[in-house]
Amino acid sequence: MCDMVDQPVARPPLLEVRDLARTYPLARAHPFAPREQLRALGGVSFQLQAGRSLGVVGESGSGKSTLARLVMALETPTAGQVLWRGGGPGPDGLAADPVDLHRLSRDALRRARTGFQMVFQDPYGSLDPRLSVERIVAEPLEGLGHAQLDRAERNRRVAKVLDEVGLRAADAHKYPHEFSGGQRQRIAIARALVTRPQLIVADEPVSALDVSVQAQVLNLMQDLRAEHGLAYLFISHDLAVVDLVCEDLIVLWQGQVVEAGPAQQVLGAPAHAYTRALIAAVPHLP
């Protein structure tokens, strides 16, 4: 009789996107003309495991930023689901049953968002110039569950995350205009970290920065991921950046996933013509 071998139990994903679609109405050519629709996403599906980094690549207009906004529940999908299993009681932090973010009440969504935060592309436009760094970074703590923090605890948390992103506690009293672009993106990352999320959605987080600063911010994000066990949904048009940061990859073209798999496999032996075209378009030094 053969001995029974225990098979590892597959962990459910932290985030699961099912058949996500988004269309936008276009302006009518004239008052009685039928209203046409622009399809930004058409049936996108993927899974993201806790602690993993999934890259989303594609040219401008492929639907990458629309996908990010739908995952963050900043927009409502035309169809499909965004299923979230974060915030569970177990040691892996996963709930037994997922929740559809787009079916939650406003208060429930606000509570859920403490588990997933976003870093935007523009380090200048994403920070309110009227607010101090302290108020900017502490803003996500206003979600229910962190609302009862006293001022001393809020200040402690702000100082801690500023230190983690390479800034000083004294920087909390300054304003965004006093910082460079790279420092502002560090502030944005600190704001995303302050609730100790399980997932960070990063939408082109280094594309607006100088090349020399990009490497610093990417290294910081890698270090923070290793320290806190973060999962990243990392959106970028830069294949070199995705290759550095991500284990897994999906390729978007005209709002649809045309290729998916381990990043090294997709980039090393692309199966789809569009992926090959993206790789061929990367400039190479002679």
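The structure reproduced in this document is the subject of the present report. Remember, it's a predicted structure, so these values are computed and weren't measured experimentally. All chains use their own residue numbering, which begins from 1 and follows the written sequence. Residues qualify for local features only when their pLDDT is at least 70, as the model is predicted, and side-chain atom pairs are given and counted only at 80 or more; totals for whole chains, interfaces and linings, by contrast, use all residues. Working from all heavy atoms in the structure, the side-chain values ignore hydrogens and water.

Points about unusual backbone geometry
Step number 1: For Ala-73, which is not glycine, the phi dihedral falls at a positive 60°.
Step number 2: Secondary-structure assignment places Ala-73 in the loop between α1 (64–71) and β4 (79–86).
Step number 3: A positive phi is found at Gln-254, a non-glycine position, where the angle reads about 50°.
Step number 4: Residue placement: Gln-254 occurs in the loop between β9 (248–253) and β10 (256–262).
Step number 5: Partly exposed residues are those whose accessible area sits between 20% and 50% of the maximum for their type, while under 20% is buried and over 50% is exposed, using a 1.4 Å probe and protein chains only. Since its relative accessible area comes to 49%, Gln-254 is described here as partly exposed. Elements are defined by DSSP. Helices are runs of H or I of four residues or more, strands are runs of E of two residues or more, and each kind is numbered from the N terminus.

Digging into the nonpolar core
Step number 1: Core analysis: the biggest nonpolar cluster contains 47 residues, and Val-137 and Ile-189 have the highest contact counts within it.
Step number 2: For this core, the leading source of residues is helix α5 (residues 181–193), giving six residues.
Step number 3: Excluding anything up to four places from it in sequence, Ile-189 contacts Val-119, Val-165, Val-217, Leu-220, Met-221 and Leu-224.
Step number 4: Val-82, Trp-84, Leu-101 and Ile-235 belong to the second-largest nonpolar core, a separate cluster that totals 31 residues. Side-chain atoms within 4.5 Å are what join buried Ala, Val, Leu, Ile, Met, Phe, Trp, Tyr and Cys residues into a set we call a nonpolar core. For this analysis, residues touch if any pair of their heavy atoms sits within 4.5 Å.

Looking at the pairing of β4
Step number 1: For two strands to pair, DSSP has to find at least two bridges joining them. Judged from the five bridges that link them, strand β1 (residues 15–25) and β4 form a sheet pairing that is antiparallel. Looking across to β4, one finds that Leu-15 is bridged to Trp-84.
Step number 2: Judged from the three bridges that link them, β4 and strand β5 (residues 94–100) form a sheet pairing that is antiparallel. The partner of Trp-84 across the bridge, within β5, is Val-99.

Fair warning: the whole summary comes from geometry, so function is off the table for now.
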